[in-house]
Number of protein chains: 4
Amino acid sequence: MLNFESDYLEGAHPTILQRLLETNEEQLSGYGNDPYSSSAKEKIKEACQCPDADIYFVSGGTLTNALIIASLLNKYEGVIAPETGHISTHETGAIEFTGHKILALPETDGKLKPEDVKNYLERFWEDENHEFMVFPGMVYLSQPTEYGTLYSKEDLKQLSAICREYNIPLFMDGARLGYGLASKENDLTLADIADYCDVFYIGGTKVGALLGEAVVFTRKNTPAHFLAHMKQQGALLAKGRLLGIQFDTLFTEKLYFEISRHAIEMADQLKAGFLEKGYKLLLDSPTNQQFIILENQKMAELKRQVAFSFWEAYDEEHTVVRFATSWATRQTEIDALLALI
Amino acid sequence: MLNFESDYLEGAHPTILQRLLETNEEQLSGYGNDPYSSSAKEKIKEACQCPDADIYFVSGGTLTNALIIASLLNKYEGVIAPETGHISTHETGAIEFTGHKILALPETDGKLKPEDVKNYLERFWEDENHEFMVFPGMVYLSQPTEYGTLYSKEDLKQLSAICREYNIPLFMDGARLGYGLASKENDLTLADIADYCDVFYIGGTKVGALLGEAVVFTRKNTPAHFLAHMKQQGALLAKGRLLGIQFDTLFTEKLYFEISRHAIEMADQLKAGFLEKGYKLLLDSPTNQQFIILENQKMAELKRQVAFSFWEAYDEEHTVVRFATSWATRQTEIDALLALI
Amino acid sequence: MLNFESDYLEGAHPTILQRLLETNEEQLSGYGNDPYSSSAKEKIKEACQCPDADIYFVSGGTLTNALIIASLLNKYEGVIAPETGHISTHETGAIEFTGHKILALPETDGKLKPEDVKNYLERFWEDENHEFMVFPGMVYLSQPTEYGTLYSKEDLKQLSAICREYNIPLFMDGARLGYGLASKENDLTLADIADYCDVFYIGGTKVGALLGEAVVFTRKNTPAHFLAHMKQQGALLAKGRLLGIQFDTLFTEKLYFEISRHAIEMADQLKAGFLEKGYKLLLDSPTNQQFIILENQKMAELKRQVAFSFWEAYDEEHTVVRFATSWATRQTEIDALLALI
Amino acid sequence: MLNFESDYLEGAHPTILQRLLETNEEQLSGYGNDPYSSSAKEKIKEACQCPDADIYFVSGGTLTNALIIASLLNKYEGVIAPETGHISTHETGAIEFTGHKILALPETDGKLKPEDVKNYLERFWEDENHEFMVFPGMVYLSQPTEYGTLYSKEDLKQLSAICREYNIPLFMDGARLGYGLASKENDLTLADIADYCDVFYIGGTKVGALLGEAVVFTRKNTPAHFLAHMKQQGALLAKGRLLGIQFDTLFTEKLYFEISRHAIEMADQLKAGFLEKGYKLLLDSPTNQQFIILENQKMAELKRQVAFSFWEAYDEEHTVVRFATSWATRQTEIDALLALI
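Residues numbered from 1 in each chain as written. Chains lettered and ligands numbered in written order. Predicted model: local features only at pLDDT ≥ 70, side-chain atom pairs only at ≥ 80, totals over all residues. Heavy atoms only, no water.

*Asks:* Describe the relation of the copies chain C and chain B, with residues and values.
*Replies:* Structural alignment of chain C on chain B gives an RMSD of 0.0 Å, achieved by rotating through 180° and translating 0.0 Å along the axis. These values place the two chain copies in the arrangement generated by a two-fold rotation axis. (Least-squares fit on C-alpha atoms with pLDDT ≥ 70 in both.)

*Asks:* Please set out helix α3 (residues 61–72) of chain D residue by residue, giving values where relevant.
*Replies:* Residues and elements named next belong to chain D. Over its twelve residues, α3 extends 16 Å from the first C-alpha to the last, a length consistent with the 16 Å expected when each residue adds 1.5 Å. Taking burial as the measure, the twelve residues of α3 include ten buried ones, the bulk of the element. All of the buried residues in α3 are Thr62, Leu63, Thr64, Asn65, Ala66, Leu67, Ile68, Ile69, Ala70 and Ser71. (Helix = DSSP H or I, 4+ residues; strand = E, 2+ residues; numbered from the N terminus. Expected span 1.5 Å × (residues − 1). Buried < 20%, exposed > 50% of the residue type's maximum accessible area, 1.4 Å probe, protein only.)

*Asks:* Got a sec to walk through the packing of aromatic side chains? Specific residues and values, please.
*Replies:* Any pair of aromatic rings gets described here by the distance separating the centres and the angle formed by the planes. Tallying each qualifying case throughout the model produces 88 aromatic pairs over all chains. Considering the side-chain rings of A:Phe132 and D:Tyr31, the 4.7 Å spacing of their centres and the 85° angle between planes classify their relative orientation as edge-to-face. Of this pair, A:Phe132 sits in the loop between α6 (114–126) and β5 (135–142) while D:Tyr31 sits in the loop between α1 (14–23) and α2 (35–47), placing the two residues on different chains. Here the aromatic rings of B:Phe308 and B:Phe323 are separated by 5.1 Å at their centres, their planes lie at 35°, and the arrangement is tilted. Residue B:Phe308 is found in the loop between β11 (306–307) and β12 (309–315), and its partner B:Phe323 is found in strand β13 (residues 318–324); the two are separated by 15 residues along the sequence. On the accessibility criterion, B:Phe308 (7% relative accessible area) is buried. Ring-pair connections join several aromatic residues into one group, and the members of that group are A:Phe4, A:Phe274, A:Tyr279, A:Phe308 and A:Phe323. The ring of C:Tyr56 has C:Lys41 lying over it, and the distance from NZ or CZ to the ring centre is 5.6 Å. The aromatic ring of B:Phe97 is capped on one face by D:Lys75, whose charged end is 5.1 Å from the ring centroid. (Phe/Tyr/Trp six-rings, centres within 6.5 Å; stacked < 30°, edge-to-face > 60°. Lys NZ or Arg CZ within 6 Å of the ring centre and 35° of its normal.)

*Asks:* So what's going on with the sheet that holds strand β3 (residues 77–82) of chain A? Residues and values would help.
*Replies:* Residue and element names in this part refer to chain A. What the seven strands build is an open sheet, ordered β2-β8-β7-β6-β5-β3-β4; its pairing is mixed. Each edge of the sheet is formed by a strand with only one pairing partner; in this case those strands are β2 (54–58) and β4 (102–105). Along the sheet, successive strands turn relative to each other by an average axial angle of 25°, direction set aside. Bridge count between β3 and β4: four bridges; the pairing is parallel. Along β4, the bridge assignment pairs Val79 with Ile102. Packed on one face of the sheet, α6 meets β3, β4 and β5 and runs near 170° to β5. (Pairing = 2+ DSSP bridges. Axes fitted to C-alpha atoms, helices over the stretch in contact; angles between N-to-C directions. Contact = heavy atoms within 4.5 Å.)

*Asks:* Describe in detail helix α1 (residues 14–23) of chain A, supporting the description with residues and values.
*Replies:* Buried within α1(A) are the following residues: A:Ile16, A:Leu17, A:Leu20 and A:Thr23. Looking straight down α1(A), one finds that the buried residues subtend no more than 140° of arc, so they occupy a single side. (Arc of directions from axis to C-beta.)

*Asks:* Would you mind going over the interface of chain B and chain A in detail, with residue names and values included?
*Replies:* In this complex, chain B contributes 44 residues to the contact, which on the side of chain A involves 44 residues. With both sides pooled, the region where chain B packs onto chain A buries about 4100 Å², and carbon together with sulfur makes up 57% of that total. Sorting the residues of chain B by area buried against chain A places B:Gln27, B:Phe97 and B:Lys239 first, and these three jointly supply 19% of that buried surface. The partner of B:Arg330 in a salt bridge is A:Glu25, with the nearest N and O atoms 2.8 Å apart. Summed over the shared surface of chain B and chain A, the number is 24 residue pairs in polar contact (both at pLDDT 80 or more). (Buried area = accessible area lost by both parts, 1.4 Å probe. Salt bridge = Lys/Arg side-chain N within 4 Å of Asp/Glu carboxyl O. Polar contact = N/O pair within 3.5 Å; in protein donor to acceptor, adjacent residues only side chain to side chain.)

These values are about where atoms sit, not about what they do.
Rendered as structure tokens:
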């Protein structure tokens, strides 16, 4: 059975497991106070060309989103996000659980438009009764988006300028950031992202790690006593080494970038293969998630040999499905898939 | 440098890492829907002699406590806990963050007294104005306690009877449960615990795993849609296999019990050694945490060669410090320590 | 200066003040345990033809909404509401502050469409991953809506049937309910509302009282220990008599209905007057709020002599403004306004 | 039947009702933007000799406590309060509902000791692991306390100095502040309180008003966008005039102080009468609440003719009960009571 259901099907990149083995017997301080966590932070700062960055490691995406948003917002503030953003739709209200509203704006291919954000902020502050409304206190976006699409450097520059004009942080959810950075369509570096965003995270769970996200505060803007926030939200692992060693490995000899590039190479072949055979795409994703429109009969047939995700009904006779590649996808799997379609 | 600072100094038991390596390339479903998680659950049910148990794996103790308490309590309810309980003192208000009060009762050597719990519940329900007070909706205890002490079978039986009389769940935090079960003073089996408690967890982080706690609901009393609760609180790992494989390993051939016994053997030697040299204990802990009263000068001296935890000032000239052993403590370390004192 | 800015410009209906005076020296129990609160409850039950109803008095609308929603929802549930609903837009996130998401659906003239609610519920439960989404746990609507429009008996019947099919409560915010009931277009009685809704409230603040909303649970479905919920959310007044006496007065000799009818008569004259002079309406509101499209110059002119509310820009040259009548509006005020336009 | 059960048995001081009647037909802006609210604020500023004060009116004590605490604390902070403080015991967890822990300290006669607060703060900041503990972010006390006792000027000065040293606000719950100020034992003026506290409130509900508490921020330290906080917590009344007019009346010609003095005069007679007849007090309360130790038989006898509150069992044969006087207590009631004992 071929499996393209998600980008977290396998364990971890072998080098990571190797490093966990090698360091296993070392006695290290907990809660991130270990030399591997320190080393990982230094390497990430360098990769971001952001010596001032403050870096923290958290176990998973939903917890990271809830932690960043709840620790940065004032009590009466909410977070602007695209209607299809992960926090808006697929985290069982984790943000609202912390007391904050998601101010959902319309999106195009998963992306917020800078002018929509600007208009929203303008209208809010012009409204005489804005103290009866939730204050927009942050902008959330993900790179790549839920639809695999990318914000360009120009997009991010504009969004960043708007946020700074209104003095609110711009937060990038980078659960799949590696795959965004490795895309041929991408024109953003980690340094650009650190420059334009106030906080973002570099996803490990979906890009080669067993688990873990690296949160980067870029402008000496870490909420005071952030460790207390982490502990309060259950986001501080006793064995912080587990995250430190993984990110240290991922940011050694550009492993994170290399394995991301591999996933993109696999996705590009997959997309080309489908297009060549006359299939249509829901949209032209340049990253590791590909949204293919299948005839329902073909879908049923394919399902017997390949696992993929249902995305949404397209029309009565077609369905959109998602194929995800990852750092672990093999050339033979792509070849086998393309032979089947 | 010898290190007895905590029971989470090393990585994981080598067999766990071995299993992570062996299974690393398998493509598995996420969120706990993998065969290793299923297998681990079956083995834990068997170890608990509780075929009806529902089992979930969570990454760490604070998150597990917040998840269990917030998902089981009604909005106007709080949780009875000892004043020195971990949730009362060392989780930065993680329980209150979910909206619930901790109803702290006095304790003796870290333990709640059944009669204190009974009196509290009686007085609450007799009070005509109890709707102006937080309702006691659950009893929390940890086994072993923060002071390494143990509830006896008789204690637990009584607490359980009280909770059932008042129709509230009894919840046992078992972050160090292995070390409790392996103690020579212990008269409780996992089956007893499953019988007396409504929910408890079996700690992995401090007993051989990289991370992870196994939550056991014992009486078909899992809150409806518990996965939704987990996701909402950021407690659902994408790669659930990471927890499943670890607990599957720990509950294969009684590894969990064996490695716990080793820690207790080491702790017993440590305690005996200190006593033999005339040191005094804060209290007689039968588990892996030992609380020794040191002269301040001796403490300063020892600190140069041994890491341990400050616990509290004893008097002007003495300090209580904690030595923790674990599954990973070596005989040579104990010998070296005892040679130094 | 004429003033049509809102329906809470004056104090209270004189009969209410009279009753407050007459009863002022009586020594009464607090927290709603007074004979006036009891009497008011009986009269409201009778008006609703709902002998099983449970009734509670709360000081204001936002607090009432937050109380009802937070006490009825499970932790992982949210509330379906129209995008323009009061809770969605003008309560500074009071619902999210209690931890719950508002699941905003598109609306027409302020109203939810039954088929949209049905589709949303169907799609939610069909989604295999619905445990990653906020559960729809309640439907919120207001009668009249933010746009002064009304749900018909047929609308409410359908919404009620859908909610019962999915076993979730239907909640009607009746902050201006009197004005809805008194509208010529209305075909719903209080008894119908009690029949179709699981919980609703009868607004006092905007309909003749100094403050206060009467919450009606219609089906023995009051959350357990509701007084505890009220106290916890700061919604329990010490001098409950203040609310009891007011509602007792409003429901004596149909005062509530009579004064509501007066407001509607005034609004109907106002609307007819504007239409006669060729003004356009944003929509045809049958209740006490009228949304008039004014040329910007006319608006500026009028503003010098009349207070009204800005609603929204209509186009470059026109603005939508709101005129509200109330129980206190005088015929002379309407005449004076119509003379000015 | 004589009634000394509480200090909120009657409606409002007649002058207040008179003013509500006189102003009833005036059309006024909502949400506190009316001239009576403004006038009341000016008078309170003057009474506090604090021209910089920011003043807000809220409907009741629990809501006021939750609003002040939740708007001033950081997310990871809790509030230090005496174990018997109202927020600790009798508000159904209203503070925890907003996510914050109450850090309960031992008390004497209801009062926090400055040295206990100092020690707690010192120990917290010295603890190396304080990021695992709830940060003490505020000190709460009430004047008078739950036991009717008073902080002296020296007490408050010391507590204020400690709070300023640690840079956390000192918050005084003044639900019965009038009765404190009027006590013969009191050596604090409103100006002193405004000087030593960062925020406090002047209770209306228990001191002559129908409802309402006047919150005073004394040092330009009002949380940003406090109206948004109020709306979010349901604490902003549409008809703000109702609170404005009442406080304007209470602070005209020192009415608040005069009626408070009357209550104290009545309480002093009551206490003297009991003492004269040989009754014992639980403690020597100098304010309007008197705690008398009654033989159980005497208590049963008295109950047939007098209402009072059960406070606590004293021993097997005696009970502590509370008698409360208020602005409305009549000399004839005191005389009748003393004739009965």
